[in-house]
Amino acid sequence: MATRAPDIATGRLSPEQYAANFSDIHPPLGRHEALVEADRCYFCYDAPCVKACPTTIDIPLFIRQILTDNPIGSAETILSQNILGGMCARVCPTETLCEEACVREAAEGKPVKIGLLQRYATDTLMDEEGEQPFERAAPTGKRVAVVGGGPAGLAAAHRLAMHGHDVVIYDARQKAGGLNEYGIAAYKVPDDFAQDEVEFILSIGGITVEHGKALGRDVQLADLRSAYDAVFLGMGLAGVNALVLEGETLPGVADAVDYIADLRQAEDLGTLPVGGRVVVIGGGMTAVDVAVQSKRLGAKEVTMVYRRGSDKMGASLYEQELAATSGVVIRTNAKPLRLVVEDGRVAGMVFEETAELDGRLVGTGATFELPADMVFKAIGQTLVPAVLNGSAETIALDGGKIRVDDERRTTLAGVWAGGDCAATGEDLTVAAVADGRIAAESIHRALSAG
Amino acid sequence: MANLASNFIGIKSPNPFWLASAPPTDKAYNVVRAFKDGWGGVVWKTLGTDPPVVNVSGPRYGAIHSNDRRLIGLNNIELITDRPLEINLREIKEVKRDWPDRALVVSLMVPCEEHYWKDILAKVEETGCDGIELNFGCPHGMSERGMGSSVGQVPEYVEMVTRWCKQHSRMPVIVKLTPNISDIRQPARAAKRGGADAVSLINTISSIIGVDIDTFSPLPSIDGKGSHGGYCGPAVKPIALNMTAEIARDAETRGLPISGIGGVTTWRDAVEFMALGAGNVQVCTAAMTYGFRIVQEMITGLSEYMDSHGFTSVDEITGRAVGNVTDWQYLNLNYVAKARIDQDLCIKCGRCHIACEDTSHQAITSMVDGIRHFEVIDAECVGCNLCVNVCPVQDCITMEEMVAGTDPRTGFPVTGEYANWTTHPNNPMAKPAVVVEPAE
């Protein structure tokens with residue numbers, strides 16, 4: 001095979017095509033659509049959708065408030081349980097949460113569009129009122145450090161500020177928002193929504209954000225513990241799993257999370273280089289996000305390769321369909337064997353087909369090669385535990401994540417944790433928000449008792 | 001295709017669906033469009049004396065909607081025709097000439113003095129129309145001038161004017177009744193005494209359709225003020241059905257032909273009115289909501305229904321349910337029904353449970369063995385039917401009669417024997433030993 005120059009290019013599309021490809025994937029409901037959709041809700045008793053929501057938003061109530069043309073009251077119902085209700089309305093995999101549980105899914109296979117209704121209410125409040133509906137309680141004089149300004153940290157900070165505590169958020173990046181700002185696919189959160197929401201949340205007052213301050217590098221846990229009345233850890237997962245293959249660090253191989261962060265921060269998508277042939281390793285949401293966005297940036301062929309069957313993929317069926325309809329080829333039951341290297345850079349990848357024997361993944365011996373100009377690794381992120389070791393005492397981990405109890409208390413006194421860095425459940429924005437709120441209530445109880 | 005031909009007090013029409021006297025029948029233009037779409041007849045919008053009345057130049061209608069903007073109740077403050085009498089008479093004559101097979105009845109409303117009636121009757125009779133309908137029903141505007149419902153509310157006036165019309169005309173006379181009265185049988189009896197060939201009901205119900213909660217003007221708002229209007233549409237159907245049945249089963253008016261009006265929207269509604277004694281039906285709101293073409297659904301629906309039930313004439317439907325309308329005291333207190341939830345159809349919304357739990361008899365579970373499950377507890381179920389009514393799924397919850405065994409709620413055996421309140425031991429007025437059966 002003759003050596004060919006890698007096809008990695010910028011500006012594959014016209015500005016209009018970029019704009020169209022990265023516009024709102026689910027356009028918001030207009031008032032008429034919202035009223036008609038809201039009418040479909042049955043106002044169930046002990047509603048299954050509420051049970052399926054990690055933040056237990058009173059969904060039947062907020063939908064009924066939309067129905068009676070009270071979107072502001074509806075938004076208050078949502079935000080009182082989930083201050084990032086606007087983001088969750090955009091990024092929640094509702095098809096595996098509230099909308100999967102909706103009784104109309106059972107009845108007709110067409111659940112009430114809860115996510116879009118939630119967005120209708122929260123957008124109306126944020127657009128019309130501008131400011132949030134919550135007020136701070138009288139100052140308590142207590143100070144809480146929050147590590148990480150992502151969904152968990154923001155939710156915790158807001159709830160703590162509401163209770164009258166003073167909060168300082170230490171965030172490693174230049175902007176708060178965490179994965180909402182740097183990780184979610186761009187077409188789910190267009191128009192700088194993540195920053196608008198951060199501003200909305202911080203407008204309650206009593207919250208200071210220290211940008212560019214990473215735990216373990218710029219601030220130490222031991223110092224935070226002594227300087228503050230409580231500490232909440234919500235710094236997410238900074239480590240990225242490696243393929244452990246030769247050539248992994250060569251040009252053309254990239255971490256999906258880094259690439260998505262660049263994409264999210266790009267002023268002009270036309271300046272972002274993308275391969276003509278892209279291979280994505282992984283089967284989770286990040287894999288779908290980088291695959292679909294590569295395609296939308298103009299990549300000619302994008303193939304997602306996952307080592308197990310599609311039923312085991314972390315990406316929901318809806319996300320898999322989104323990838324497929326975006327032109328991404330999904331290959332399942334194949335694991336990376338080696339990288340094909342030409343002229344000191346990646347030129348392709350060889351995979352071995354797999355099968356499951358008694359739940360164990362085994363190679364079948366059959367192999368195939370996919371030519372690639374770019375290979376994205378999207379095989380999971382990990383907690384970097386080193387940052388926790390600033391303390392003399394240690395924080396217990398569970399499966400590589402911080403162990404917490406029901407109230408999100410870690411094993412270290414005065415330290416709570418939530419979001420992706422904590423061993424609580426699924427790595428979802430909405431789960432992180434729930435963690436933050438639950439931890440904040442626990443911290444508040446602890447500080448009030450003390 | 002069943003034969004839908006109707007003969008209502010000698011007035012023939014190809015089907016029993018007439019348009020009621022209302023805005024849709026104010027002009028030849030509209031009426032001809034209706035006939036082209038298949039309506040069996042019309043009652044021309046009410047004529048009065050010249051000079052014609054004037055209408056407001058602002059909103060005349062207001063509505064109640066279900067949440068998806070289905071119009072379920074309409075209110076209007078429009079008066080009788082505001083066109084000169086002569087134009088209406090000319091158009092009526094032309095339309096009847098061009099559409100001889102359709103029923104064309106003319107609605108009338110003039111002051112309660114004999115000469116007004118005598119005068120207009122002669123003019124109307126000259127058009128060749130099939131009959132007249134006396135508008136004793138409109139509750140707004142004209143009633144302030146001593147006409148419309150202010151006549152219909154006084155049985156003596158009803159009888160008097162009806163008698164004049166029978167004396168001064170050879171045309172069949174239909175008396176249109178107002179529901180804004182405590183006992184509909186009184187004006188119906190009066191109409192019969194006056195010689196009416198038929199009654200039609202109901203006219204609209206006095207109503208304020210709503211209030212603008214920003215300006216605090218009643219709706220519809222005319223320069224910040226509102227006046228009560230007449231309410232009609234699907235929402236009034238139950239009221240109209242009851243009044244129709246009241247007249248159909250009254251000893252004095254039994255057999256008096258009835259033209260059923262009030263929220264008729266589909267062929268099913270029409271069959272219900274006819275079953276309760278109506279010979280035909282009149283429609284307005286449904287046409288004003290969807291246009292005249294809805295009659296085609298009504299025609300085919302009624303035809304299918306008649307074929308499937310083996311009815312060869314619409315008259316066979318009329319009155320079929322009247323014998324089953326009775327007084328509460330004659331209802332069988334030994335009849336026991338229990339709700340049954342079809343678990344295959346149940347979508348687990350829980351509305352039956354919460355309705356029963358919060359507002360009724362705590363007779364439906366929400367959880368069984370830790371699993372979300374809705375099931376009727378027979379020992380608590382009084383058979384009230386609320387769960388059936390609130391369930392969003394068709395036929396998911398049904399009422400089943402207990403035909404044997406013991407009612408677990410009361411501990412009484414189910415005997416199948418009829419027993420009503422007249423003999424019940426809790427009735428201080430009970431007449432022991434003799435069970436009084438309803439007449440007929």
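Residues numbered from 1 in each chain as written. Chains lettered and ligands numbered in written order. Predicted model: local features only at pLDDT ≥ 70, side-chain atom pairs only at ≥ 80, totals over all residues.

## A short note on the overall build of chain A
- Regarding its fold elements, chain A presents 17 helices and 19 strands.
- In terms of overall size, chain A behaves like a compact globule, its C-alpha atoms giving a radius of gyration of 23 Å where 450 residues would be expected to give roughly 22 Å.
- Projecting the C-alpha coordinates of chain A onto the three principal axes gives extents of approximately 75 × 60 × 50 Å.
- Looking at chain A as a whole, 49% of its 450 residues are labelled buried. (Helix = DSSP H or I, 4+ residues; strand = E, 2+ residues; numbered from the N terminus. Rg over C-alpha atoms; globule rule 2.2 N^0.38 Å. Buried ≥ 20, exposed ≤ 12 C-beta atoms within 10 Å, placed from the backbone.)

## Regarding the overall build of chain B
- Along chain B, the regular secondary structure elements total twelve helices and 20 strands.
- Expressed as lengths along the three principal axes of its C-alpha atoms, the size of chain B is roughly 75 × 55 × 45 Å.
- For chain B, the proportion of contacts with a sequence separation of at least 24, taken over those separated by at least 6, is 70%. (Contact = placed C-beta atoms within 7 Å.)

## What about the domain arrangement of chain A?
Residues and elements named next belong to chain A.
- You can read the domains of chain A as domain 1 (31-128), domain 2 (143-238 + 383-449) and domain 3 (241-377).
- Centre-to-centre separation of domain 1 and domain 2, based on C-alpha positions: 26 Å.
- Every contact between the two is made by twelve residues of domain 1 and, on the other side, 20 residues of domain 2.
- Among the elements that line the side of domain 1 that touches domain 2, the one with the most residues is helix α6 (residues 85-91), at five residues.
- Here the residues of the side of domain 1 that touches domain 2 sort into eight nonpolar, three polar and one charged. (Domains from an automatic or database assignment. Nonpolar A, V, L, I, M, F, W, Y, C, P; charged D, E, K, R; others polar.)

## Digging into the domain arrangement of chain B
- Partitioning chain B into domains gives domain 1 (6-324) and domain 2 (343-423).
- Distance between the C-alpha centres of domain 1 of chain B and domain 2 of chain B: 41 Å.

## Examining the interface of chain A and chain B
- Opposite the twelve residues of chain A that make contact, chain B presents twelve residues.
- Every element with two or more residues in the side of chain A that touches chain B is listed here: α2 (31-38) and α8 (103-108) of chain A.
- The leading source of residues in the side of chain A that touches chain B is α8(A), at three residues.
- Of the residues contributing to the side of chain A that touches chain B, the split by class is ten nonpolar, no polar and two charged.

## Here's the deal with the sheet that holds strand β2 (residues 143-147) of chain A
Residue and element names in this part refer to chain A.
- Taken in spatial order, the five strands make up an open sheet running β4-β3-β2-β5-β19, and their pairing is parallel. Strand pairing shows two members of the sheet lacking a second neighbour, β4 (207-211) and β19 (415-417), which therefore form its edges. Strand-to-strand, the axes of this sheet are offset by a mean angle of 20°, without reference to chain direction.
- The pairing of strand β5 (residues 230-233) with β19 spans three bridges and is classified as parallel. The residue of β19 that forms the bridge with Val-231 is Val-415. (Pairing = 2+ DSSP bridges. Axes fitted to C-alpha atoms, helices over the stretch in contact; angles between N-to-C directions.)

## Observations regarding the packing of helix α4 (residues 59-67) of chain A against helix α5 (residues 71-81) of chain A
Residue and element names in this part refer to chain A.
- Two numbers describe how α4 lies on α5: the axes approach to 7 Å, and their chain directions differ by 170°. One way to sum up the angle between α4 and α5 is to call them roughly antiparallel. Along this stretch, α4 crosses α5, giving a crossing that reads as left-handed. On α5, the residues touching Leu-61, Phe-62, Gln-65 and Ile-66 of α4 are Pro-71, Gly-73, Ser-74, Thr-77 and Ile-78.
- Across the contact of α4 with α5, the residue classes tally to five nonpolar, four polar and no charged. (Parallel < 35°, antiparallel > 145°, perpendicular 65-115°, else oblique. Left-handed = near helix turned anticlockwise from the far one by under 90°.)

## Considerations on unusual backbone geometry
- Following Leu201(B), the chain continues to Ile202(B) via a peptide bond in cis, the omega torsion being 5°.
- Here Ile202(B) shows up in the loop between β10 (198-201) and β11 (205-207).
- Of note, the phi angle at Thr56(A) is positive, near 40°, even though the residue is not glycine.
- Relative to the assigned elements, Thr56(A) resides in the loop between α3 (48-52) and α4.
- A positive phi angle, near 85°, is found at Asn385(B), a position not held by glycine.
- Relative to the elements of secondary structure, Asn385(B) occurs in the loop between β19 (371-372) and α12 (386-390).

## Overview of helix α7 (residues 237-248) of chain B
All names here are of chain B.
- Helix length check: α7, at twelve residues, gives a terminal C-alpha distance of 16 Å against a target of 16 Å (1.5 Å per residue), a fit within 8%.
- By the burial criterion, the buried members of α7 are Lys-237, Ala-240, Leu-241, Met-243, Thr-244, Ala-245, Ile-247 and Ala-248.
- Packed against the buried residues of α7 are α6 (185-193), β10, β15 (258-261), α8 (267-275) and β16 (278-283). (Expected span 1.5 Å × (residues − 1).)

## Considering the environment of Leu361(A)
Residues and elements named next belong to chain A.
- Looking at the element boundaries, Leu-361 is found in strand β14 (residues 360-371).
- Between the C-alpha atoms of Leu-361 and Cys-98, which are 263 residues apart in sequence, the distance is 32 Å.
- Those residues within four positions of Leu-361 in sequence are excluded, and the remaining contacts are Arg-307, Arg-308, Thr-354 and Glu-356.

## Quick notes on the sheet that holds strand β14 (residues 229-232) of chain B
Residue and element names in this part refer to chain B.
- Across the sheet, four strands lie side by side as β5-β6-β14-β11; this open sheet has antiparallel pairing. The open sheet has two free edges, formed respectively by β5 (61-65) and β11, since each of these has just one partner strand. Shown here is a sheet whose adjacent strand axes are inclined to one another by a mean of 35°, direction ignored.
- In this sheet, strand β6 (residues 71-76) lies alongside β5 in antiparallel orientation, the contact comprising five bridges.

## Quick look at the packing of helix α3 (residues 114-125) of chain B against helix α5 (residues 155-167) of chain B
Residues and elements named next belong to chain B.
- Two elements in contact, α3 and α5, have axes whose closest approach is 10 Å; the angle formed by their N-to-C orientations is 40°. At the point where α3 passes α5, the crossing takes the right-handed sense. Taking contact as the criterion, the partners of Glu-114, Trp-117 and Leu-121 in α3 are, on α5, Val-161, Trp-164 and Cys-165.
- Its residues assigned to classes, the contact of α3 with α5 comprises five nonpolar, no polar and one charged.

## Overview of the pairing of β14(B)
All names here are of chain B.
- Taken together, the three bridges between β6 and β14 define a ladder with antiparallel strand orientation. Bridged to Asn-75 within β14 is Tyr-231.
- Here β11 runs beside β14; their pairing, made up of three bridges, is antiparallel. Considered in β14, the bridge of Ile-205 is made with Tyr-231.

## Description of the environment of Ala440(A)
Residues and elements named next belong to chain A.
- Inspection of the secondary structure assignment puts Ala-440 in helix α17 (residues 429-449).
- Since 29 C-beta atoms lie within 10 Å of it, Ala-440 is described here as buried.
- C-alpha separation for the pair Ala-440 and Phe-232, spaced 208 residues apart in sequence, amounts to 8.3 Å.
- Other than its neighbours up to four places away in sequence, Ala-440 contacts Ala-156, Arg-159 and Leu-160.

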